[in-house]
Amino acid sequence: MTETSVTLSDAAAKRIAAIVGADAGKRALRVAVEGGGCSGFSYKFDLVEGPEADDIIVEKNNATVLIDQLSLVYMAGSEIDFVDNLLGQSFQIKNPNAVASCGCGTSFAI
């Protein structure tokens with residue numbers, strides 16, 4: 001496991017392990033930061049077979065998250081959480097670098 005400043009909550013780890021376990025051939029959740037979204041940057045989530053050469057690997061309780069080096073620059077110090085409430089279920093990234101975010105919770109500004 002590679003050390004990184006991005007962490008997973010227990011709820012996120014449990015949900016990631018369940019999602020990846022239900023999709024044959026997929027072994028990890030990739031989280032990336034892309035330009036766009038209503039606040040300037042947005043998070044992208046994909047199920048993948050394994051890491052690329054430059055990925056940071058975050059593991060917890062049988063869950064694996066992969067983050068590329070460029071995305072890590074924008075996500076340093078973040079916690080990936082999974083929320084299940086009256087508004088629905090979603091992964092949320094608590095990013096201390098974000099100075100603004102949109103109502104949908106998937107885009108942010110730095």
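Going by the structure above, here's the rest.
Definitions and cut-offs
In every chain, residue numbers begin from 1 and rise along the written sequence. Two thresholds apply to this predicted model, a pLDDT of at least 70 for residue-level local features and 80 or more for giving and counting side-chain atom pairs, whereas whole-chain, interface and lining totals are computed over all residues. Each side-chain value is worked out from all heavy atoms of the structure, with water and hydrogens disregarded. For the purposes of this entry, the term helix denotes a DSSP run of H or I that reaches at least four residues, the term strand denotes a run of E that reaches at least two, and both are numbered from the N terminus. Buried residues are those whose accessible area, probed at 1.4 Å on protein chains only, stays under 20% of the maximum for their type, while exposed residues exceed 50% and partly exposed ones sit between those limits. Residue contacts follow a heavy-atom distance rule, with two residues in contact if any of their heavy atoms lie within 4.5 Å. For the accessible areas, the method is Shrake-Rupley and the probe is 1.4 Å, while residue cover comes only from the protein chains on display. Two strands form a pair only when DSSP identifies at least two bridges running between them. By convention in these notes, a salt bridge is any Lys or Arg side-chain nitrogen within 4 Å of a carboxyl oxygen on Asp or Glu.

Enquirer: So what's going on with the overall build of the protein chain? Residues and values would help.
Expert: Helices and strands together make up the secondary structure of the protein chain, namely two helices and nine strands. Counting helices and strands in the order they occur from the N terminus, the protein chain gives β-α-β-β-β-β-α-β-β-β-β. Counting the 110 residues in the protein chain, one finds 37% classified as buried. A sequence separation of at least 24 residues applies to 51% of the contacts in the protein chain between residues at least 6 apart. With the model as given, the accessible surface of the protein chain reaches about 6,100 Å², and the carbon-plus-sulfur share is 51%.

Enquirer: Describe in detail the sheet that holds strand β7 (residues 88-94), supporting the description with residues and values.
Expert: Pairing within the open sheet is mixed, and its three strands lie in the order β1-β6-β7. Each edge of the open sheet is held by one strand with a lone partner, namely β1 (7-8) and β7. Sheet topology places β1 next to strand β6 (residues 79-85); two bridges connect them, and they run parallel. Directly across from L8, in β6, lies its bridge partner I80.

Enquirer: Tell me about the environment of A63, residues and numbers included.
Expert: Along the chain, the position of A63 falls in strand β5 (residues 63-67). The sequence separation of A63 and R27 amounts to 36 residues, and the corresponding C-alpha distance is 8.6 Å. Here A63 is in contact with L8, A13, I16, A17 and V58, once residues within four sequence places are set aside.

Enquirer: Quick one: what's the story with the pattern of salt bridges, residue by residue and with numbers?
Expert: Scanning the model with the defined rule gives six salt bridges in all. When the shortest N-O distance is used, the salt bridge between K44 and E34 registers 3.7 Å. Placement of K44 in strand β3 (residues 41-48) and of E34 in strand β2 (residues 28-35) is noted, with a sequence separation of ten residues between them. The class of K44 is partly exposed, set by a relative accessible area of 34%.

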